[in-house]
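# Understanding the architecture of this molecule
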Amino acid sequence: MNGTIGNMSNPLRIGLLFGGRSGEHEVSIRSAAAAARALQADSNRDRHQVLPFYLQKDGLWQGPAVAQGVLESGQPLPSDDRPVDRAALWQFPPEASTVDVWFPTLHGPNGEDGSVQGLLQLMQVPWVGSGVLGSAAGMDKIAMKMLFAQAGLPQVAYRLVTRSEVWSNPCVFPKLCDQLEADLGYPCFVKPANLGSSVGIAKARSRAELEAALDSAASFDRRIIVEAAAGGKPREVECAVLGNDQPIASVIGEITFESEFYDYDTKYSDGAADLVIPAALPAPVVDRLQTMAKEAFLALDCAGLARVDFFYVEATGEIFLNEINTLPGFTATSMYPQLWEATGIPFPELVHRLVTLAIERHTVAQGAQ
Ligand SMILES: Nc1ncnc2c1ncn2[C@@H]1O[C@H](COP(=O)(O)OP(=O)(O)OP(=O)(O)O)[C@@H](O)[C@H]1O
Ligand SMILES: C[C@@H](N)C(=O)O
Ligand SMILES: [Mg+2]
Ligand SMILES: [Mg+2]
C-alpha cells in the first residue's frame, strides 16, 4: 500500500455517504459513525478530512452541516409522506464537488445496489467498494445465486417468485404455494430479493406461514426468493474479503444466538447474538470457506470489500454459500471490521486501505478509457 496517499499538507477529502432510501437506513447511520471515527483516528489524522453527506429517507441530500448532526445524534431526520420536489432531488450540496474519494456506508436498495455507484461513475470520482455490476448483482439475491451457480459454488435449493404471482388472482396463488411446498418443503425461508439486515425475511414452517411470508415479502420487493432451509440449525459463519482483482480473505467468524434465526432484532439488539472470532473450525473447513469467499467475490466482479455469509452443517460437513454483502455492516462491533482486526488489520488501517483500493481501481478504470 502507498503510505503517501493523503498526507498532512494534502489530506484526502473523503465524502462519507450514509442514510439512504432503504429499510437499512438506521443501520447505515451506525456504520457511518464508526467509519468516521476510524477515518479520523490518530493514525489517519493527516491522511483524511471527512465530509459527511446524509441521504434522507425521501432521497434529498444533506451536506456536512446537517449530516454531522445526524452522525452525532444517531437519529434519522424525520421525513414526511409528501412527494419530494423533483428539482430538489437534483440539488447536491456544494461540498460534493470537492470530494476526492467517496466512502458509501449505505446498505440495501438505492445505495448498495449499484445506483449510487452509477452516479459516482458518471461523476468520475473514485469510491470505496464495488462498481455497478458487483453492487447490483450482490444486492439481488436471485442474480447473485445465478452467478454463484455458474461459478460452481454450493447453495441451497431456491425458487424465484414475483410480486405479480403473489398478488395474482386466487387461482394462481394456491398453485404457486403447492409448487413451492413440493420443491422446497418446510421449513423454508422467504426473502425480498433486494434487501439486507433480515428486513422482510420470514421462516415458514406451514402453509399458513408461507402464505403470510410471501404476502409480506411482496410488500418490500417485486422479486422474492424462497429457499430451502440449510440442514437443521446450521452454524452461521462469515468471511471478510478485501482487495480488487487479487482479494485476500480474513479469518472466519461465527455468529451464535438463541433465536429461531438471525433476524433483525437478533442482529441489532445488544446481547442477542455473540460473534466468535476466529470460529472454532477444522483447518480444511477454514481453507474451503476462505477460497469460496474469494471465488464469490470474483464471480460478481466485486471490489474493495465484501462479507460472504455461509451455512456450515457440521453433521454432514456441507457448506452452503448463503450470500455476499458488498457494503457490510460497518459499526465498530460489526463482523467485517472485527474479522480484519483479528486478521491483523486494525479498523483505522482498514478504512485507509479501502480508500487506497478505491483510488487504485479508479486509476485502472480511467486508464482503460
Ligand atoms: N436457507 C436458509 N437456511 C437457514 N437459515 C437461513 C436461510 N436463509 C436465511 N437464513 C437465516 O436468515 C438470516 C438472514 O438471511 P440473509 O443473510 O440471506 O439475509 P440478509 O437480509 O441479506 O442479511 P444481512 O445482509 O444482514 O447479512 C441468516 O443469517 C439465517 O439466520
Ligand atoms: C448491513 C447488513 N446488510 C450486513 O450485511 O451486515
Ligand atoms: Mg445480505
Ligand atoms: Mg446475511
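Right above here is the structure, for reference.
Residues numbered from 1 in each chain as written. Chains lettered and ligands numbered in written order. Predicted model: local features only at pLDDT ≥ 70, side-chain atom pairs only at ≥ 80, totals over all residues. Heavy atoms only, no water.

## Some details on the packing of helix α8 (residues 172-184) against helix α9 (residues 207-220)
Where α8 contacts α9, the two axes come as close as 11 Å, and the packing angle between them is 115°. Relative to α9, α8 is oriented so that their crossing is right-handed. Contacts from Phe 173, Pro 174, Cys 177, Asp 178, Leu 180 and Glu 181 of α8 reach α9 at Arg 207, Leu 210, Glu 211 and Leu 214. Its residues placed into classes, the contact of α8 with α9 shows 6 nonpolar, no polar and 4 charged. (Axes fitted to C-alpha atoms, helices over the stretch in contact; angles between N-to-C directions. Helix = DSSP H or I, 4+ residues; strand = E, 2+ residues; numbered from the N terminus. Left-handed = near helix turned anticlockwise from the far one by under 90°. Contact = heavy atoms within 4.5 Å. Nonpolar A, V, L, I, M, F, W, Y, C, P; charged D, E, K, R; others polar.)

## Some thoughts on the coordination of the magnesium ion (ligand 3)
Between any two of four tetrahedral donors, the ideal angle at the metal is 109.5 degrees; between two of six octahedral donors, it is 90 or 180 degrees. Within the first shell, the magnesium ion (ligand 3) binds the protein through Glu 323 (OE), Glu 323 (OE) and Asn 325 (OD1), at distances of 2.1 to 2.4 Å. The metal-metal distance between the magnesium ion (ligand 3) and the magnesium ion (ligand 4) is 4.0 Å, with Glu 323 serving as a donor to both. (Donors = N, O, S within 2.8 Å, 3.2 Å for Na, K, Ca; no water.)

## Side note on the sheet that holds strand β5 (residues 158-162)
On the basis of which strands lie adjacent, the open sheet formed by 4 strands has the order β5-β8-β6-β7 and antiparallel pairing. Of all strands in the sheet, those with a lone pairing partner are β5 and β7 (202-204), marking the two edges. Direction aside, neighbouring strands of the sheet carry axes that sit 25° apart on average. Inspection of the sheet shows β5 paired to strand β8 (residues 223-228) by 5 bridges, in the antiparallel sense. By the bridge assignment for β8, Tyr 158 is matched with Glu 227. (Pairing = 2+ DSSP bridges.)

## Considerations on the site of ligand 2
In the vicinity of ligand 2, the residues found are Glu 24, His 107, Ser 197, Tyr 268, Arg 307, Asn 325, Pro 328 and Gly 329. Here a nitrogen atom of ligand 2 sits 2.8 Å away from a polar atom, N or O, in the side chain of Glu 24. A distance of 2.9 Å is found between an oxygen atom of ligand 2 and a backbone nitrogen or oxygen belonging to Gly 329. Contact with the protein chains removes 91% of the 220 Å² of surface that ligand 2 exposes when unbound. Counted by class, the shell around ligand 2 contains 2 nonpolar, 4 polar and 2 charged residues. (Near = heavy atom within 4 Å. Polar contact = N/O pair within 3.5 Å; in protein donor to acceptor, adjacent residues only side chain to side chain. Areas by Shrake-Rupley, 256 points an atom, 1.4 Å probe, with all protein chains shown as cover.)

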